[in-house]
There are 2 protein chains.
Amino acid sequence: MKQRQLFVPTLREVPAEAEAVSHRWMVKGGFIRQLASGVYTFLPLGRKVLRSIEAIIREEMERAGAQEVLMPALQPVELLQQSGRYDLYGQDLFRLNDRSGREFALGPTHEEVITSLIKQEITSYRKLPVTLYQIQTKFRDERRPRFGLLRGREFIMKDAYSFDADWEGLARNYDAMYEAYHRIFSRCGLNFRAVEADAGAIGGEGGTHEFMAFAESGEDIIVSCEACGYAANLEKAESAQATSGDMTNSIGRQAESYLKFHTPGWKTIEQLVESVGCSAGHIIKTLIYMADGQPVVVLIRGDHEANETKIKNLIGAEVIELADADTVLAVTGSPAGFSGPVGLTAPLLVDHHVDDMKEAITGANELDYHLKHVVPGRDFTAHLTGDLRNVQEGDACPHCGKGLTTARGIEIGHVFKLGNRYSGKQGASFVDSTGKEQNFVMGCYGIGVTRLMAAIIEQHQDEHGMIWPLSIAPYHVHIIVMAMQDDAQRETGQKLYDELRSAGIEALLDDRDERPGVKLKDADLIGLPLRVVVGKSIVEGLVELKARTGTVERVQAEQAGSIIRDRLAQLSGTGG
Amino acid sequence: MKQRQLFVPTLREVPAEAEAVSHRWMVKGGFIRQLASGVYTFLPLGRKVLRSIEAIIREEMERAGAQEVLMPALQPVELLQQSGRYDLYGQDLFRLNDRSGREFALGPTHEEVITSLIKQEITSYRKLPVTLYQIQTKFRDERRPRFGLLRGREFIMKDAYSFDADWEGLARNYDAMYEAYHRIFSRCGLNFRAVEADAGAIGGEGGTHEFMAFAESGEDIIVSCEACGYAANLEKAESAQATSGDMTNSIGRQAESYLKFHTPGWKTIEQLVESVGCSAGHIIKTLIYMADGQPVVVLIRGDHEANETKIKNLIGAEVIELADADTVLAVTGSPAGFSGPVGLTAPLLVDHHVDDMKEAITGANELDYHLKHVVPGRDFTAHLTGDLRNVQEGDACPHCGKGLTTARGIEIGHVFKLGNRYSGKQGASFVDSTGKEQNFVMGCYGIGVTRLMAAIIEQHQDEHGMIWPLSIAPYHVHIIVMAMQDDAQRETGQKLYDELRSAGIEALLDDRDERPGVKLKDADLIGLPLRVVVGKSIVEGLVELKARTGTVERVQAEQAGSIIRDRLAQLSGTGG
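Residues numbered from 1 in each chain as written. Chains lettered and ligands numbered in written order. Predicted model: local features only at pLDDT ≥ 70, side-chain atom pairs only at ≥ 80, totals over all residues. Heavy atoms only, no water.

The name an unreviewed UniProt entry gives chain A is Proline--tRNA ligase, with Paenibacillus spongiae as the organism. Per its UniProt entry, chain A bears the Subcellular location (unreviewed entry) comment "Cytoplasm". What the UniProt record of chain A gives under Subunit (unreviewed entry) is the line "Homodimer." (UniProt positions renumbered as here; feature names shortened; annotations may be inferred.)

(A) Structural detail: the interface of chain A and chain B. Of the residues lining the interface, 53 residues belong to chain A; the matching set on chain B comes to 54 residues. In total, chain A and chain B occlude about 4800 Å² of area from one another, counting both sides; carbon and sulfur atoms represent 60% of this. Taken as a group, A:F7, A:L70 and A:R99 account for 17% of the area that chain A buries against chain B, more than any other trio of residues on that side. Applying the counting criterion to the chain A and chain B interface returns 10 salt bridges. Among the salt bridges present, the one from B:R47 reaches A:E68, with a minimum N-O distance of 3.1 Å. For the side of chain A that touches chain B, the element with the most residues is helix α2 (residues 44-63) of chain A, which contributes 5 residues. Residues that form the side of chain A that touches chain B fall into these classes: 32 nonpolar, 5 polar and 16 charged. (Contact = heavy atoms within 4.5 Å. Buried area = accessible area lost by both parts, 1.4 Å probe. Salt bridge = Lys/Arg side-chain N within 4 Å of Asp/Glu carboxyl O. Helix = DSSP H or I, 4+ residues; strand = E, 2+ residues; numbered from the N terminus. Nonpolar A, V, L, I, M, F, W, Y, C, P; charged D, E, K, R; others polar.)

(B) Expanded view of the domain arrangement of chain A. Structurally, chain A comprises domain 1 (21-221 + 406-458), domain 2 (243-386) and domain 3 (475-573). When each unit is reduced to the centre of its C-alpha atoms, the spacing between domain 1 of chain A and domain 2 of chain A is 39 Å. (Domains from an automatic or database assignment.)

(C) View of the environment of B:Y125. Residues and elements named next belong to chain B. Within the secondary structure, Y125 sits in the loop between α5 (111-121) and β7 (130-139). Among the residues examined, Y125 registers a relative accessible area of 30% and is labelled partly exposed. Taking the C-alpha atoms as reference points, Y125 and F42, 83 residues apart in sequence, are found 43 Å from one another. Residues within four places of Y125 in sequence aside, it is in contact with F430, V431, D432 and S433. (Buried < 20%, exposed > 50% of the residue type's maximum accessible area, 1.4 Å probe, protein only.)

(D) Expanded view of the relation of the copies chain A and chain B. Expressed as a screw operation, the relation of chain A to chain B combines 0.1 Å of axial shift with a rotation of 180°, fitting to an RMSD of 0.2 Å. The superposition of one copy onto the other is thereby described by a two-fold rotation axis. Residue A:L96 of chain A places its C-alpha closer to the rotation axis than any other residue of that unit, at 2.5 Å. Here 100% of the contact residues of chain A are again contact residues in chain B; the copies associate through an equivalent surface. (Least-squares fit on C-alpha atoms with pLDDT ≥ 70 in both.)

(E) Here's a closer look at the sheet that holds strand β4 (residues 74-76) of chain A. All names here are of chain A. Judged by pairing direction, the sheet is antiparallel, and its 3 strands sit side by side in the order β4-β6-β5 without closing on themselves. A single partner strand is all that each edge strand has here, and the edge strands are β4 and β5 (95-97). Direction aside, the axes of adjacent strands within the sheet are offset by 40° on average. As defined by bridge partners, β4 adjoins strand β6 (residues 103-106) across 3 bridges and the pair is classed as antiparallel. Bridge pairing in β6 places Q75 opposite A105. (Pairing = 2+ DSSP bridges. Axes fitted to C-alpha atoms, helices over the stretch in contact; angles between N-to-C directions.)

(F) Geometry of helix α1 (residues 21-28) of chain A. All names here are of chain A. Of all 8 residues in α1, 7 are buried; the element is thus mostly enclosed. When we look at burial in α1, the residues that qualify are V21, S22, H23, W25, M26, V27 and K28. Packing partners of the buried residues in α1 comprise β1 (32-36), β2 (39-42), α12 (449-459), β25 (461-462), β26 (465-466) and α14 (516-526). Looking one or two residues past α1, G30 carries a phi angle of roughly 75°, positive in sign.

(G) Molecular detail of the side chain of A:S162. Residue and element names in this part refer to chain A. Checked against the element boundaries, S162 lands in strand β8 (residues 154-164). For S162, a relative accessible area of 0% gives the class buried. There is a polar contact of 2.7 Å between the side chain of S162 and the side chain of Y445. Filtering out sequence-adjacent residues up to four positions away, S162 remains in contact with V130, T131, L170, N173, V441, M442, G443 and Y445. (Polar contact = N/O pair within 3.5 Å; in protein donor to acceptor, adjacent residues only side chain to side chain.)

So, in structure tokens, the structure goes:
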């Protein structure tokens, strides 16, 4: 492609709204443009990268035995109501009515649609297993679309669904997909890790793993143990301390009863720590949640963070959220900041670490007062006890006891063992080999294709712009003619361009009438793997060859073509 | 692919709701399934055909210099309001609100989105021309979705948009696209014709052509002249008679004034013809329309059909529709069926052929009465006269005077010279070479990708099923092992399958435990180009080779692979 014709509107300024580095480079480099919040247009370079990613995904899906289909975005809401996701997704679901008033949703994923398809088409175990996938546009009305393609409202997903006669079959399909995901993300040049995860809104009776790309800008926390290989996301991660009876935070001898003391305006853990002179580990945080519409009280040690997924799982709730001020007042009799467990009637959900405290400071359920010398078990009784907190850097690994480390990551893929969750609710069954009716045993497997593109940039960039891995680069080689009015430069560039193209190498020829500085800046920004600069040294028969992050090497113009072919073969062989 | 694993749920019964032959075969052959009215899922075979069509389109778009982008389905309605299409599309537009109440439409096409993009990114003639295309899902809430993929509510389109500095540039881009469309449809094996068309709701100041695939099930009429090559769709087609002063339908001497006569219950042209004993050509049909909210009266000869596009164009209306009963009563003073032009005050729009009538029978604007001896010009005065009727088979060609023929067709593509229609309304301009601000001169170019798939089947099928052209067949060769329990048959089939696959030929191996009759019926239904039957004659070392519509030929099993490669090369060379 000749750059003069290519529509690649690079910008001089970094757009103000771009928070994530991938978003910044994609807008600056002319890869994408925003149409509305969380809704983007892919320009030619962006579309090309997407297509390369899609091609890799298709190859690996076919290799894993999955067959491509294409399901509609418009979904009759009756299907989502049947599965329960209509309410579960709530405002995240885009809804609309057709001209006759029938309600549709724009598909956030396609579990219900594919289950209803298979229910209709497969009646016998003889036709199983089957795995179907699609690369298709999804819609979710995110509360806070942000970070460009990392959290959009209209985005491309690869979603796959497997149907088996039994859990053994599902395990095989799950493993095949798990393996395919490893291959896909490796081929995209990503530094990633599969972690144990919680099934979340999509639900699942069996295991589930998230694939996380390491990135500073990631919204997720990856917890892992370098010693034994344990890895989980923060919602799911456990530590050995959770049940170990950690008594280190006692404050001396136990008093005979708790004592109310004046804490004027000291609403936060920080204020208490500073004013009382204790450590955060001596305080109990009392959090009021609404769980499926009912108030519950969660107790967490002051130096810990509550984990809402664990709270939800402990009580089997579908939706929980922090209670509003009115509810706090109704439940505790005092404003937020002074809540405590003593005397409350709402169910108390107590983290193990709180249970292990000898005595503690808590709110007094009275404005400007707290209690000290509160003893768990004596002064309040847990309704349920469990692991309700986020693990922390340095906690002991639940498997081997070594220290856990944490890192930020971007969720790029997710594999689920759904089991009968959808097939049961939708009445999707087949006749097994013994003549008995059984629900399909399902798995589902997603990759955020557009998000993957952003994650790759998060990992492959520097202060000058993007650095594309060869496998998904929009073009392989960037030929830059420094001065188009110079005949020798222009002709050498054109000749090399023709030679590479006829060898099947995708080359971009910068034939624009721009200043050399602009051309080199744009080249860094766009970040193609190999660059050839045809400049003044052409009088000596030389051109400059350079990998995007490598050093400049002068080579004979005549030999540039074959050298480039060798380099690309090397890069491609190393997956670079 | 082995058919045992392939998800291709063929049906024994033709589904009752399938009106069009392509719809019938696609459902029966397991290519598609309906999810909701006008909303379909593509199963593996259907998805594969789609991808082949998409690949051909991409190749030809790139060859024509167009660059691929991807725009969102969600469009802020402000853009459509600016262009006027928000009202124009009316109920055909799917609309929805996001969680903050902002209104979006699901894109029916993308003129406004791309115009706003280019407005923002291109400011100088130096960056022109540019042509961008996408293959993307469109949404239209059709009043009557039908014929399967021929008229759906969610469908795939290839839409391209060109931006030029002047009309000469547009003409070049338009010609390039016109040429690309010819190549695309030829490569898909279609019998088609480019016809002159009316610009319709999308609007356009320049020329526009529709590409029509000939098909009995088509909703459009193609008018053409075999003598000079003139071709147009029915909305646009003209005939020499339109302005020729055709006096043949006079009924003898002209009476001095019209005469009211009793026509009890004779509301239709047919009833009048039968009861009065005149020909339909002696009657004036009086049609009451609402044009942009105002009533107009249209007069058409009784043996002709009104052409709403021509009516709209004559008065420059955006929307017209036949008036309801109340309006007819208000405008004429009588119920429908007895309307006539005499004495009406609403504007009379008169077709040339009515203007040419010596005298005529019309309604009397009184229940159960008509008038005879009505003389145009004497008894009523035209507000406007023009060509307002559909041409008919045998009419004289407007260019050469020879007889026109008509045929049914499916619109598979459309190219428009839009000019400034969108760039003007959206204020999208650039600075030209003289420093003057100019609106972009635009063209737009659409192909209904999913509809194209249906049109191909409409032309390529017989009483047994589909007959895929090689270029888009889901697989090239169907290897059918008649009895899987027979070792020689099974092994020969497998060997041939391996051989073809390693030669890069897409083969489907029917390795199912089905009866031979079922296998052959399914093979006919799915319609792959070449078939190899491995059956009893394997004891003589022979297999049966057959094109989908050809005769059976026995060949040495050993040589089958190389013979098939030759045949495919031949087929591919002839575009078959």
